[in-house]
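# Results of the structural survey
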Amino acid sequence: MTNVGPDVATITDHEAERAAVIADPDLIGAQLCRALSAQTDRWLQDLLAKAKAQSPRSPKVALLAVGGYGRGELAPFSDLDVLLVHESTASRVEELASAIWYPLWNAGLKVGHAVRTLDEQNNLSRNDLDTATSLLTARHVAGDQKLAAAVVEMGSANWHKKRKKWLAELQGRVRERQLEAGEVAYTLEPDLKNGHGGLRDAQSLWWAAAAGLSLPGDDLIDLTESYETLLTARVALHRAIVRPGETLRLEDQDAVARQAGLTDADALMAEVAAAARRIAWIADEAWGRVGRSIKGSVERIAPGVELVDGEVELAHGADPVADPTLVLKAAVAAARRRTRIGRRSLDLLAAEVRPWPDTWPVGATDELVALLLEGHDAIPVLEALDQRGLFSRLLPEWEPVRSRPQRNAYHRFTVDRHLWEAAANAARLADQVGRPDLLVMGALFHDLGKGYPGDHTEVGMVLVREIAPRLGFSPAEVDILVAMVEHHLLLPDVAVRRDLSDDATISFVAEKVKSREVLELLHALTEADSKATGPSAWNSWKEELVRDLVARTRHLLEGGDVAELTWRLFPDEATLTKMAAGDVDIIWGEDQITIVYPDRPGAFSQLAGVLSLHGLDVLSSRAHSEEGHGGAPAMAASQFRVGTPPEGWSWEAVRIDLERALSGGLAIEARLAERARTYRRRRATQAAPPAPPQVEFHDWASSNSTVIEVRAPTKIGILYRITKALAEMGLDIRHATVQTIGVDVVDTFYVRTGTGELVTEAFHRAEIQRAILHAVGEFPVR
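Remember, predicted model here, so these are calculated numbers, not experimental data.

A few words now on the sheet that holds strand β5 (residues 298–302). An order of β5-β6-β7 is seen for the 3 strands of this open sheet, with the pairing classed as antiparallel. The open sheet has two free edges, formed respectively by β5 and β7 (311–314), since each of these has just one partner strand. In this sheet, adjacent strand axes meet at a mean angle of 35 degrees when their direction is disregarded. Pairing of strand β6 (residues 305–308) with β7 involves 4 bridges; the strand directions are antiparallel. Considered in β7, the bridge of Leu307 is made with Val312. The sheet contacts of helix α13 (residues 326–336) involve β5, β6 and β7, and relative to β7 the element is tilted by about 165 degrees.

Unlike most non-glycine residues, Asp309 shows phi in positive territory, near 50 degrees. Examined against the element boundaries, Asp309 turns out to sit in the loop between β6 and β7. The buried category is assigned to Asp309, whose relative accessible area is 13%. Within the chain, Lys514 stands out as a residue other than glycine whose phi angle is a positive 70 degrees.

This part is about the packing of helix α5 (residues 118–127) against helix α7 (residues 145–161). Where α5 contacts α7, the axes come no closer than 9 Å and their chain directions differ by 25 degrees. Classified by the angle their axes make, α5 and α7 are roughly parallel. The two elements α5 and α7 cross, and the hand of that crossing is right-handed. The segment α5 lies against α7, with Leu118, Gln121, Asn122, Ser125 and Arg126 engaging Ala150, Val151, Met154 and Asn158. When its residues are assigned to classes, the contact of α5 with α7 shows 4 nonpolar, 4 polar and 1 charged.

What follows covers the side chain of His238. Among the structural elements, His238 can be located in helix α10 (residues 217–241). Engagement of the side chain of His238 in a polar contact is seen with the backbone nitrogen of Phe77, the distance being 3.0 Å. The contacts of His238, once residues within four sequence positions are left out, are Ala75, Pro76, Phe77, Ser78, Arg243, Pro244 and Gly245.

Moving on to the pattern of salt bridges. For the structure on display, the rule yields 51 salt bridges. Between Arg470 and Glu397 there is a salt bridge; the shortest N-O distance is 2.8 Å. Taken together, the residues span a long stretch of sequence, with Arg470 in helix α20 (residues 456–470) and Glu397 in the loop between α17 (391–394) and α18 (415–428) at a distance of 73 residues. In this structure, Arg655 and Glu659 form a salt bridge, with 2.5 Å as the shortest nitrogen-oxygen distance. With Arg655 and Glu659 both in helix α28 (residues 651–662), this residue pair falls 4 residues apart, about one helical turn. Owing to a relative accessible area of 22%, Arg655 belongs among the partly exposed residues under this scheme. Exposure remark for Glu659: the relative accessible area of 38% places this residue in the partly exposed category. In this structure, a network of salt bridges that share partners links the residues Arg277, Glu383, Asp386, Glu399, Arg402 and Asp416.

The next point concerns empty space enclosed by the protein. Under the counting rule described, the total for this entry stands at 3 cavities of 30 Å³ or more. Approximately 140 Å³ is the volume found for the largest cavity. Lining the largest cavity are 15 residues, and of these Ala185, Thr187, Leu188, Pro405 and Gln406 sit closest to its centre. Here the lining of the largest cavity is composed, by residue class, of 9 nonpolar, 4 polar and 2 charged.

How each quantity is defined
- Residues numbered from 1 in each chain as written.
- Predicted model: local features only at pLDDT ≥ 70, side-chain atom pairs only at ≥ 80, totals over all residues.
- Heavy atoms only, no water.
- Pairing = 2+ DSSP bridges.
- Helix = DSSP H or I, 4+ residues; strand = E, 2+ residues; numbered from the N terminus.
- Axes fitted to C-alpha atoms, helices over the stretch in contact; angles between N-to-C directions.
- Contact = heavy atoms within 4.5 Å.
- Buried < 20%, exposed > 50% of the residue type's maximum accessible area, 1.4 Å probe, protein only.
- Parallel < 35°, antiparallel > 145°, perpendicular 65-115°, else oblique.
- Left-handed = near helix turned anticlockwise from the far one by under 90°.
- Nonpolar A, V, L, I, M, F, W, Y, C, P; charged D, E, K, R; others polar.
- Polar contact = N/O pair within 3.5 Å; in protein donor to acceptor, adjacent residues only side chain to side chain.
- Salt bridge = Lys/Arg side-chain N within 4 Å of Asp/Glu carboxyl O.
- 1 Å grid on protein atoms, 1.4 Å probe; cavity = no way out; pocket = protein on both sides within 12 Å on 5 of 7 lines; lining within 4 Å.
- Points joined across faces, edges and corners; volume = space filled by probe spheres on them.

Written out as structure tokens, the structure reads:
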């Protein structure tokens, strides 16, 4: 066999040219892909020519670019999909093929290669979807042009012959990807290629269009523009990470933004989200009409609105200029019937509806409320209005939040989608409030300020005070909506960070909300907002705390006495009985560990340290202590809510170490230091570097304790270190709440001095702050 090893000089030249293309700062996105594809064409042409020169009697062959390479979309580390077609035997072309593949492999390229006869290729293209789609963009690169043309024509013919089969298989693949890869627009680290709204969805539509699926001209234009946005991000990703990749990891997003020529990662992810939403919407619209039956059935369902073959359409003669509310009437009708607004009517509305005046048309607000009260059935309809630019014409203040990313592990959705989700969740709670209209509108507006500079709550209050009167709300109703925006975080923050048995906590909340009506609305909004935020923002523990806080606050607002508020959530009666009896107990139940023990300085921190040693993430914690009477020792109870235990954990081992810690027989500090040294740093799950730790004293928050709130990045044993610092400063923890939000902790401690006094002396406070900051700043970030 003739030597087929790489020609060093040729490979070096082509590799240098390839590297120059990839490094050219003037080439981004599709431009770079086309330039790299053209350079690769030249390389393959050179390789085939040299191979044929070395084997003059080699058979007739054609070298074709297929798949992404065929489309001219080679990213820096894309697979190189190449097809070598021949009219001979495999043994006769083996040497020729090797002379092409080996230099590419030696250069580090990942080559998706195939060597087939025309008949073999024909059989595959008739039965295999991936082969069939790869030929739709196949093109001649080198070798016999007639043979290459035969392959392309054969692929096209087979695609048209079996278009119904291919459409069904393509639609099935789209559904599979949606389930497996998530939505590009609403995933913290999106898969640009396979996620819903990603590159593959757009490609599937083009393949489907070749099989007869109809796509409006505007959709084709929007699809191409959005596709190029994602392609630019993919090229920038390859350049930034210097390896193949389809997923935009958080830690890479700033570097990718720079490679894409954008200001920062927020700008990148906003563009990606907007493009992906557009692709997903076009895809959903197109695939939703596959197999739709056209019978000509028409049903009048509202003034100017009809149901035509299952889709909502404007009636003949309906004029969106004369009746601007038609856009919302059609939307309500579509949401109620769980269908879409017909494309003809949607395009007509997009062409005719003008930005609404300062005062909304009569009846328009009622229609918007009715739409929002349809819950999650309204979201696809709202998305359709937004994709055609209609929602911002009704509410111009909406534009800055469109596709605005929230790049952290706590929030799942972009700001606009989060507001729709919150309103949909609120609709489910409409029967729990006296004013469902205010509930869904408050949910829709509560985070509107996030699209503007400044504190989002303060900005949102100003925006709602301007918007609500335009919608026809009375001054009193405007005040309620503003209060909902102002206090939308009040109940969850207080519930998880404060002692609900403290009179000052309940008085503080009552003073803020001022009325039962606002309290009722905020209660429902809290649940709706939390569920729309993400899976970690709402759970049974938080729900119970908020419910208890609301009940106590309502009691006070109804004229009850704070002193009557004697019930408590923790400890429960059984735990209090054990404390009174001086019993020591350790109980594991579901995701909670409850420990009753003699109170002594540092005990709480040691218990927290044991949990960290065993890899148990403390998601929240509460502590309570009771003074002893009649010579009985003071007793304490601590409850820890933990995340999913690590593989191989043992409750018995945890229990034994908790007992050792309580008896002073465990070297917790040394063990934590050993674990910290061997702990492999986890990949960051937030977009920006963590904020510096903060220690704040809240004198208003308790009537009988000093309240210290600590915010810091979570670390191995951080709760142990904070509480150890408090113990070393001579403080007794009377109550504690611990909350983990993404990679941050927000811990609140109700403390007194060793003599039972409040911490009031300035120097003592400064030293406490110094001790805590030192404790949270030492060890590797978790």
